[in-house]
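Close look at the chain arrangement
One letter stands for each residue in the lines below.
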Amino acid sequence: MTTNQAVDDLIKQDLFKLLGLEAISDTEKAALYQKVLTTIQNRVMAQLMDRFSDAEAQQFGDLAEAGDQAGLSQFFNDHNIDILDLMLKEALSYKAELVTLAQPFLHQQPSDH
């Protein structure tokens, strides 16, 4: 399973139901999903940058900018980074955060105004 596929599955698994958003359109679901995925990727990137020296950050940035997947895989292996594990942990954390934030709104009755 690829990193993106594993994270995709985790994010999509009941997220819209947990947030009370089952009724939104597929277009709205796709847009929300993309925002969630981008946030997860940004959070993982921030974690990685905190770990790296300036030289490592430059090397990582060069590989990412070049789209060198083999080079990135080797870089992660060389630095003992399990990117799938990081992405999955962050996806779980963010999903839990979203559900927690949404809870107060899920049980409100519509106003009669």
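Residues numbered from 1 in each chain as written. Predicted model: local features only at pLDDT ≥ 70, side-chain atom pairs only at ≥ 80, totals over all residues. Heavy atoms only, no water.

**A closer look at the packing of helix H3 (residues 26-51) against helix H4 (residues 54-66)**
For clarity, the threshold we go by: To obtain each axis, a line is fitted to C-alpha atoms, and for helices this fit is confined to the stretch in contact; angles are then taken between N-to-C directions over 0 to 180 degrees. Runs of H or I in DSSP of at least four residues are treated as helices and runs of E of at least two as strands, each being numbered from the N terminus. Relative orientations are named as follows: roughly parallel for angles under 35 degrees, roughly antiparallel for angles over 145 degrees, roughly perpendicular for angles from 65 to 115 degrees, and oblique for any other angle. Contacts were defined at the residue level, with two residues in contact if any of their heavy atoms lie within 4.5 Å. For this classification, Asp, Glu, Lys and Arg are treated as charged, while Ala, Val, Leu, Ile, Met, Phe, Trp, Tyr, Cys and Pro are nonpolar and the rest, including Gly, are polar.
Closest axis-to-axis distance for the H3/H4 pair is 8 Å, and the angle between their directions is 140 degrees. Considered as vectors, H3 and H4 are oriented oblique to each other. Between H3 and H4, the residues in contact are Met 45, Leu 48, Met 49 and Arg 51 and Glu 56, Ala 57 and Phe 60, respectively. Across the contact of H3 with H4, the residue classes tally to five nonpolar, no polar and two charged.

**Some words on the packing of aromatic side chains**
Note the following rule: Pairing of aromatic rings covers Phe, Tyr and Trp, the last counted by its six-membered ring, and requires centre-to-centre distances within 6.5 Å; plane angles under 30 degrees mean stacked, over 60 mean edge-to-face, and any other angle means tilted. Each residue is placed in one exposure class: buried if its accessible area under a 1.4 Å probe, protein chains only, is under 20% of its type's maximum, exposed if it is over 50%, and partly exposed if it falls in between. Placement of a charge over a ring requires the Lys NZ or Arg CZ to be within 6 Å of the ring centre, with the centre-to-atom vector within 35 degrees of the ring normal.
Overall, the coordinates contain five aromatic pairs when judged by the stated rule. Taken together, a centroid distance of 5.6 Å and an interplanar angle of 50 degrees make the contact between Phe 52 and Phe 60 tilted. Classification of Phe 52 as buried rests on a relative accessible area of 9%. With a centroid separation of 5.2 Å and an interplanar angle of 85 degrees, the aromatic rings of Phe 52 and Phe 75 are classed as edge-to-face. Highlighted residues: Phe 52 in the loop between H3 and H4 and Phe 75 in helix H5 (residues 69-78), separated in sequence by 23 residues. Neither Phe 52 nor Phe 75 differs from the other in exposure class; each is buried. Through pairs of rings, three or more aromatic residues link up here, namely Phe 52, Phe 60, Phe 75 and Phe 76. The residue whose ring lies beneath Lys 29 is Phe 16, and the NZ or CZ to ring-centre distance is 5.6 Å.

**A short note on the pattern of salt bridges**
Stated formally: We define a salt bridge as a contact between a side-chain nitrogen of Lys or Arg and a carboxyl oxygen of Asp or Glu at a distance within 4 Å.
Enumeration according to the criterion identifies three salt bridges in this entry. Between Arg 43 and Glu 97 there is a salt bridge, with the nearest N and O atoms lying 3.1 Å from each other. Taken as a pair, Arg 43 in helix H3 and Glu 97 in helix H6 (residues 83-106) lie far apart in primary sequence, 54 residues in all. The class of Arg 43 is partly exposed, set by a relative accessible area of 26%. According to the relative accessible area criterion, Glu 97 is partly exposed, its value standing at 32%. Two residues, Lys 89 and Asp 85, come together in a salt bridge whose shortest N-O distance is 3.0 Å. Of this pair, Lys 89 and Asp 85 both sit in helix H6, separated by four residues, roughly a single helical turn. Residues participating in the shared-partner salt-bridge network are Arg 43, Glu 90 and Glu 97.

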